[in-house]
Amino acid sequence: LRQGALAGKRVLITAGPTFEPIDPVRGLTNLSSGKMGYAVAQAAAEAGAEVWLVSGPTCLATPASVRRIDVQSAADMRDAVLRELPSDVFIAVAAVADYRVDAAATQKIKKSTDGMTLQLVANPDILAEVAALPDAPFCVGFAAETEQLAEHAEAKRLRKKLPLLVGNLAQDTLGQDTAELVLFDDRGQHRLPRADKLTQARHLIRHLVNLLN
Ligand code: C5P
């Protein structure tokens with residue numbers, strides 16, 4: 001990857017899971033270590049970009065010269081992203097919870113032997129919202145699927161109107177240090193055979209730079 005390929009560009013990245021509170025001690029979340037998003041942030045910084053990383057809860061260290069904003073819920077993540085716009089590039093790697101508890105309890109819910117029902121409401125789709133802005137940055141999405149990767153990923157790319165979407169199989173990547181990726185863009189599919197996530201992230205940034213130019 002050419003050094004300085006993203007010099008002067010502002011790149012906004014989301015990473016990690018979101019945490020949707022049920023009460024002050026419980027919540028709903030997704031399986032996501034944040035490793036891929038942090039690797040993408042590092043690769044973008046290596047290419048000279050000014051990188052802002054909006055991160056859900058992870059145990060990872062912030063990559064060098066990356067500015068990090070910590071958030072918990074999808075609503076917090078959306079607010080942080082909108083506050084950090086405009087940017088030249090937006091890369092949504094976070095595994096955002098699709099639903100939140102409609103009215104989280106302010107005090108700990110007491111256990112009982114009865115069952116309980118949680119009323120869930122849909123969370124905003126941060127990536128779709130950013131991609132639909134009149135001055136939208138170049139938007140990149142991620143899709144972790146458990147089956148029919150190409151069909152689901154390409155459908156998602158078209159629905160969210162993204163120039164680039166990165167697909168992977170959930171069972172191959174969750175929590176792991178390596179990933180096998182497929183890049184989907186207007187010209188078709190590009191496979192990145194299994195490699196560590198930083199190597200994959202550098203390939204992704206190189207591909208993105210080519211599409212930007
Ligand atoms: O729709 P789905 O969640 O499968 O799409 C995945 C892509 O959309 C990822 O890039 C993810 O970060 C982004 N996304 C988002 N906000 C959501 C849900 C997904 O930004 N509420």
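Residues numbered from 1 in each chain as written. Predicted model: local features only at pLDDT ≥ 70, side-chain atom pairs only at ≥ 80, totals over all residues. Heavy atoms only, no water.

An unreviewed UniProt entry lists the protein chain under the name Coenzyme A biosynthesis bifunctional protein CoaBC, with Thiobacillus denitrificans given as the organism.

1. Quick notes on the site of the ligand
Filter applied, for reference: We call a residue near a molecule or strand whenever a single non-hydrogen atom of that residue lies within 4 Å of it. Nitrogen and oxygen atoms within 3.5 Å of one another constitute a polar contact, given that in protein one can donate a hydrogen and the other can accept it, and given that sequence-neighbouring residues count only through two side-chain atoms. Exposure was quantified through the Shrake-Rupley algorithm and a 1.4 Å probe, taking into account, for residues, occlusion by the shown protein chains and nothing else. Space inside and on the surface of the protein is sampled on a 1 Å grid over the protein atoms alone, with a cavity defined as a set of points where a 1.4 Å probe fits but cannot get out and a pocket as an open set with protein on both sides within 12 Å along at least 5 of 7 lines; lining residues have an atom within 4 Å of a point. Each molecule is assigned to a cavity or pocket provided more than half of its atoms lie within 2 Å of the corresponding grid points.
Neighbouring the ligand are Ala 92, Val 93, Ala 94, Val 96, Pro 124, Asp 125, Ile 126, Leu 127, Gly 141, Phe 142, Lys 156 and Lys 160. Here a nitrogen atom of the ligand sits 3.0 Å away from a polar atom, N or O, in the main chain of Ile 126. One nitrogen or oxygen atom from the side chain of Lys 160 is found 2.8 Å from an oxygen atom belonging to the ligand. Against a free-state accessible area of 440 Å², the protein chains account for coverage of 86% of the ligand. Structurally, the ligand is housed in the largest pocket.

2. With respect to a nonpolar patch on the surface
Going by this rule: Each patch is built from residues lacking any salt bridge and having more than 30% relative accessible area; the joining distance is 9 Å for like charges and 5 Å for nonpolar side chains (Val, Leu, Ile, Met, Phe, Trp, Tyr). Within this document, salt bridges are pairs made up of a side-chain nitrogen of Lys or Arg and a carboxyl oxygen of Asp or Glu, the two lying within 4 Å of each other. Helix numbers and strand numbers start at the N terminus; a helix is a DSSP run of H or I with at least 4 residues, a strand a run of E with at least 2. When a residue's accessible area, from a 1.4 Å probe over protein chains only, is under 20% of the maximum for its type it is buried; when over 50% it is exposed; and in between it is partly exposed.
On the surface, Tyr 99, Met 116, Leu 118 and Leu 120 cluster together to form a nonpolar patch covering roughly 390 Å² of accessible area. Relative to the elements of secondary structure, Tyr 99 occurs in strand 7 (residues 99–101). Here Tyr 99 falls in the partly exposed class, since its relative accessible area comes to 47%.

3. Side note on the UniProt feature "binding site: CTP" (unreviewed entry) in the protein chain
Applied cut-off: UniProt positions are given in the numbering used here, feature names are shortened, and annotations may be inferred rather than shown by experiment. When checking whether two residues touch, look at their non-hydrogen atoms; a contact exists if any pair is within 4.5 Å.
As recorded in UniProt, the sites labelled "binding site: CTP" (unreviewed entry) are Asp 98, Lys 108, Pro 124, Asp 125, Ile 126, Leu 127, Phe 142, Lys 156 and Lys 160. Taken together, the annotated residues stretch across 63 residues and extend over separate regions, lying up to 37.7 Å apart by C-alpha. Narrowing the list just given to those that line the largest pocket leaves Asp 98, Pro 124, Asp 125, Ile 126, Leu 127, Phe 142, Lys 156 and Lys 160. Looking at where Asp 98 falls in the secondary structure, it is placed in the loop between strand 6 (89–92) and strand 7. Filtering out sequence-adjacent residues up to four positions away, Asp 98 remains in contact with Val 121, Ala 122 and Asn 123. Here Asp 125 lies in the loop between strand 8 (120–122) and helix 3 (126–131). Since its relative accessible area comes to 35%, Asp 125 is described here as partly exposed. There is a polar contact of 3.3 Å between the side chain of Asp 125 and the backbone nitrogen of Leu 127.

4. Details of helix 6 (residues 197–212)
The following threshold applies: The span you would expect from a helix comes to 1.5 Å times its residue count less one.
Taking 1.5 Å as the rise per residue, helix 6 with 16 residues should run 22 Å; its terminal C-alpha atoms sit 22 Å apart, in good agreement. Here helix 6 has its buried residues at Lys 197, Gln 200, Ala 201, Leu 204, Ile 205, His 207, Leu 208 and Val 209.

5. Section: helix 2 (residues 74–84)
The condition is simple: Directions drawn from the helix axis to the C-beta atoms are what define this arc.
Within helix 2 the residues assigned to the buried category are Ala 74, Met 77, Ala 80, Val 81 and Glu 84. Buried positions in helix 2, seen along its axis, are confined to an arc of 125° and lie on one side of it.

6. Quick look at the packing of helix 1 (residues 35–46) against helix 6
Applied cut-off: Simply put, an axis is a line fit to the C-alpha atoms, just over the touching stretch for a helix, and the angle between two N-to-C directions goes from 0 to 180 degrees. Working rule for angles: under 35 degrees goes down as roughly parallel, over 145 as roughly antiparallel, 65 to 115 as roughly perpendicular, anything else as oblique. Handedness of a crossing is defined here by the sense of rotation of the near helix relative to the far one, left-handed for an anticlockwise turn of less than a right angle and right-handed for a clockwise turn. In this count, Pro and Cys sit with the nonpolar residues alongside Ala, Val, Leu, Ile, Met, Phe, Trp and Tyr, while Asp, Glu, Lys and Arg are called charged and the others, Gly among them, polar.
Relative orientation of the contacting elements helix 1 and helix 6 amounts to 55°, with a least axis distance of 8 Å. The pairing of helix 1 with helix 6 is recorded here as oblique in orientation. Considering only the axes of helix 1 and helix 6, their crossing is right-handed. Between helix 1 and helix 6, the contacting residues are Lys 35, Met 36, Ala 39, Val 40, Gln 42, Ala 43, Ala 44 and Glu 46 on the first element and Lys 197, Leu 198, Gln 200, Ala 201, Arg 202, Leu 204 and Ile 205 on the second. Grouping the constituent residues of the contact of helix 1 with helix 6 by class yields 9 nonpolar, 2 polar and 4 charged.

7. Looking at the layout of surface pockets
Let me state the cut-off plainly: Grid points are joined across faces, edges and corners, and a volume is the space filled by probe spheres set on the points.
In this structure, the largest pocket spans a volume of roughly 950 Å³. Residue lining of the largest pocket: 41 residues in total, with Ala 94, Ala 95, Val 96, Phe 142 and Ala 144 positioned closest to the centre. Looking at the lining of the largest pocket, the elements with two or more residues in it are helix 1, strand 6, helix 3, strand 9 (138–145), helix 4 (149–159), strand 10 (164–169) and helix 5 (170–173). A total of 5 residues in the lining of the largest pocket trace back to one element, the largest contributor, which is strand 9. Tallied by class, residues from the lining of the largest pocket come to 20 nonpolar, 13 polar and 8 charged.

8. Description of the environment of Val 166
Take Val 166: it is sitting in strand 10. Taking the relative accessible area as the measure of exposure, Val 166 reaches 0% and is therefore buried. A sequence separation of 16 residues divides Val 166 from Val 182, and the C-alpha atoms of the two residues are 5.8 Å apart. Ignoring any residue separated from it by four or fewer positions in sequence, one finds Val 166 in contact with Val 140, Gly 141, Phe 142, Ala 143, Leu 181, Val 182, Leu 183 and Leu 204.

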